[in-house]
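# Reading the structure
Residue-level listing of the chains:
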Amino acid sequence: MAKRPYGAEQPYIPAGIFKIRLPGIHYKWSFPEMGQALLMCATCLGAIPVLTEVLGVSYELALSMVIINGFGYTLHVLLGDPVVPGWITPAVPLVIAFLTNYQIGPDRTQTMIALQFEVGLIFLFFGITGLGSKIVHIVPNSVKAGILLGGGIAAVLGEMKAGGRFATYPISVAVGTAIAFFCLFSPQFSFVRSHSKFWNAIGKYGMLPAILVAVILGPIVGELPWPQIEIGSVIMIPDFAGLFRTLSPFGIGWPSMTKWITSIPTAIVVYIIAFGDFVTSESLIGEADEVRQDEKIDFNANRSNIISGIRNIGQSLICPYTQLCGPLWAAVTAAVAQRYKEGPEAMDSLYSGLGTFRISTWIAVATIPISSLLTPVLPVALSLTLLVQGYICTRLAMSMCKTDLDRGISGVMGAVLATRGAAWGLAVGLLLHFLLYFYSAKKAAALEAKTAE
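The following refers to the structure shown. (Residues numbered from 1 in each chain as written. Predicted model: local features only at pLDDT ≥ 70, side-chain atom pairs only at ≥ 80, totals over all residues. Heavy atoms only, no water.)

## Notes on the overall build of the chain
From N to C terminus, the chain includes 23 helices and two strands. Dimensions of the chain along its principal axes, counting C-alpha atoms only, are 90 × 60 × 50 Å. A fraction of 81% describes how many contacts in the chain between residues 6 or more apart in sequence connect residues 24 or more apart. Of the accessible surface of the chain, which amounts to about 18900 Å², a share of 69% is contributed by carbon and sulfur atoms. Considering the chain, the positive charge centre built from 29 side chains and the negative charge centre built from 26 side chains are found 2 Å apart. (Helix = DSSP H or I, 4+ residues; strand = E, 2+ residues; numbered from the N terminus. Contact = heavy atoms within 4.5 Å. Areas by Shrake-Rupley, 256 points an atom, 1.4 Å probe, with all protein chains shown as cover. Lys, Arg positive; Asp, Glu negative; His and termini not counted. Charge placed at Lys NZ, Arg CZ, Asp CG, Glu CD.)

This is the structure in structure tokens:
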């Protein structure tokens, strides 16, 4: 195992902008994150009902798509990006609404191919040109906070609104969320952990206790069916032939020029939404890096953009994915970072937790007994991760605001973004920032000039 000098980066193989790290060679395997991943993969499997309904594929093909998407997740830590990647979750309703304008079958699938390919090109453009990193630092704090706040509000509203998952599974979601929040964010629980080996062992597993409770409690209260574990086979090999015939542009044909053109506005808005993940990533990693002085963590928005672009373009050519390939799973990245901040005795390197988690979820979704066990709890697991993400985004947004102007702008922008969409939210945030800060600067200059007289 490669050793890290105090205060240096975790060892890696240099490859241009990428920093290749292999498990067992450049970072240690982390068993707490492995345990958490075995059940948290339920959120990944939550894509299955959306894929079957929107793209009209079978359960087996949808599971094949999830497994392929899971492999793409492993590329981030492998290539040096210190995050747990995930879906572009807030964009999913927007994508579904856009696709419903097309007839289910090849027509709709080709539109999804065009959309995801274009999203990938936008990611690549901002990564290769270096604009991705510059934009993250140029964007004012008030607007960054507004993006985070809007994403947090949207995540919570989506779960709590009439017809949301909370209305369908109120007991499972409420109890699971309470346990997740307590284990991840409570100072009291942190104090108890420091004085108890048992509770410390529980706390190491992040959101896992909440998922376990949901698996048991849901069927007891009648909100979820009891799981039926399939033991006949172990590993699911993706049906590449079926995917090629049903979903790949090489099998069903390439999208028409009209589909490429009509997908552009949605692709731009999707990237605006995904931009919030880069802001969140920088904040989460920055917090962890500040606490742990023994390891320097290099988050590069350009690298993250490029990897996300490769994933989206690659998946669009094999099996287009309605959830798309985003740069961050905020809830799990925060959970891993929280344990990492406890010190080297808890986690030697941040890459240990991040890399172990994503490799383990990839293996877990392909393991038939695990996927069959978790199938009933998929909606509740997705709800828990979105509510945790909502908490994290709002907390980061508030800590980012340093002035009353920042707080006011981010609040209005966040509300608009959550209710009217990313394009409206961004426009309102930028307009308010320049209007208020420009006026404040002019007023201060005038006052200074008057004082000088």
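## Regarding the side chain of T111
Note that T111 resides in helix α6 (residues 106-128). According to the relative accessible area criterion, T111 is buried, its value standing at 0%. Those residues in contact with T111 that lie beyond four places of it in its chain are F98, L99, Y102, K259 and S263. (Buried < 20%, exposed > 50% of the residue type's maximum accessible area, 1.4 Å probe, protein only.)

## Quick word on the environment of L99
Turning to its location among the elements, L99 is positioned in helix α5 (residues 92-99). Residues L99 and T394 lie 295 residues apart in sequence; the distance between their C-alpha atoms is 30 Å. Those residues in contact with L99 that lie beyond four places of it in its chain are V54, R108, T111, M112 and T322.

## Some thoughts on α5
Within α5 the residues assigned to the buried category are V92, V95, F98 and L99. The buried residues of α5 occupy an angular sector of 125 degrees when projected down its axis, which confines them to one face. Residues of α5 that are buried sit in contact with α2 (47-54), α6 and α16 (257-291). (Arc of directions from axis to C-beta.)

## Brief notes about the packing of aromatic side chains
One pass over the structure, following the stated rule, counts 16 aromatic pairs. Measuring from ring centre to ring centre gives 5.0 Å for F198 and W199, while their planes differ by 75 degrees; the resulting arrangement is edge-to-face. A cation over a ring is seen here: R21 above Y351, with NZ or CZ 4.0 Å from the ring centre. Sitting over the ring of Y340, R292 keeps its end group 4.1 Å from the ring centre. (Phe/Tyr/Trp six-rings, centres within 6.5 Å; stacked < 30°, edge-to-face > 60°. Lys NZ or Arg CZ within 6 Å of the ring centre and 35° of its normal.)

## Some thoughts on the environment of I113
Among the secondary structure elements, I113 is positioned in helix α6. Looking at I113, the relative accessible area reads 0%, which means it is buried.

## Regarding helix α22 (residues 404-420)
When the terminal C-alpha atoms of α22 are compared, their 24 Å separation across 17 residues agrees well with the 24 Å that a helix rising 1.5 Å per residue should span. Where α22 terminates, the next one or two residues include G421, which has phi positive at roughly 105 degrees. (Expected span 1.5 Å × (residues − 1).)

## Concerning the packing of helix α1 (residues 31-45) against helix α18 (residues 330-340)
Helix packing for two helices is described by the angle between their axes and how far apart those axes are. Contact geometry of α1 with α18 gives a least axis separation of 12 Å together with a crossing angle of 160 degrees. With respect to each other, α1 and α18 are oriented roughly antiparallel. Of the two elements, α1 crosses α18, and the hand of that crossing is right-handed. Contacts from P32, E33, Q36 and M40 of α1 reach α18 at V332, A335, V336 and R339. (Axes fitted to C-alpha atoms, helices over the stretch in contact; angles between N-to-C directions. Parallel < 35°, antiparallel > 145°, perpendicular 65-115°, else oblique. Left-handed = near helix turned anticlockwise from the far one by under 90°.)

## Focus on the pattern of salt bridges
Within the structure shown, the criterion is met by 16 salt bridges. R339 is the salt-bridge partner of E33, the closest N and O atoms lying 2.7 Å from each other. In this pair, E33 sits in helix α1 while R339 sits in helix α18, placing the two residues 306 residues apart along the sequence. The burial state of E33 is the same as that of R339; both residues are buried. With a shortest N-O distance of 2.9 Å, R165 and E159 are connected by a salt bridge. Given the relative accessible area of 2%, E159 is considered buried. Shared partners join several salt bridges into a network, and the residues in it are R4, R292, D294, E295 and D348. (Salt bridge = Lys/Arg side-chain N within 4 Å of Asp/Glu carboxyl O.)

## Focus: the packing of α1 against helix α21 (residues 378-400)
Between α1 and α21, whose axes approach to 8 Å, the crossing angle comes to 95 degrees. The orientation of α1 relative to α21 falls into the category roughly perpendicular. Counting all contacts with α1, which are made through M40, A42, T43 and L45, the residues of α21 involved are L378, A381, L382 and T385. For the contact of α1 with α21, a count of residues per class yields six nonpolar, two polar and no charged. (Nonpolar A, V, L, I, M, F, W, Y, C, P; charged D, E, K, R; others polar.)

## Considering the nonpolar core
Formed by 113 residues in total, the largest nonpolar core has its most connected members in L45, L51, M65 and V66. In contact with M65, other than residues within four places in its own chain, are L51, L55, V57, L243, L247, Q315, C319, P320 and Y321. Residues A114, F117, L124 and I306 belong to the second largest nonpolar core, which totals ten residues. (Core = buried A, V, L, I, M, F, W, Y, C linked by side-chain atoms within 4.5 Å.)

## Section: unusual backbone geometry
Of note in this structure, L324 is not a glycine but carries a positive phi near 60 degrees. Positionally, L324 belongs in the loop between α17 (301-318) and α18. By relative accessible area, L324 is classed as buried at 0%.

## Regarding the state of the cysteines
Scanning all chains against the criterion turns up zero disulfides. This cysteine, C41, is not joined by any disulfide, and C44 carries the nearest cysteine sulfur, 6.4 Å off. Residue C41 is classed as buried on the basis of its relative accessible area of 0%. Cysteine C401 shares no disulfide, and the gap to the nearest cysteine sulfur, in C393, comes to 13 Å. (Disulfide = S-S within 2.5 Å.)

## Considerations on a nonpolar patch on the surface
A contiguous nonpolar surface patch, about 560 Å² in accessible area, is contributed by I171, V175, I216, I220, V221 and W226. Only α10 (170-185) and α13 (208-220) provide two or more residues apiece to the nonpolar patch. The topology assignment puts V175 in helix α10. In this structure V175 comes out as partly exposed when scored by relative accessible area, which is 33%. (Patch = residues over 30% accessible without salt bridge, like charges linked within 9 Å, V, L, I, M, F, W, Y side chains within 5 Å.)

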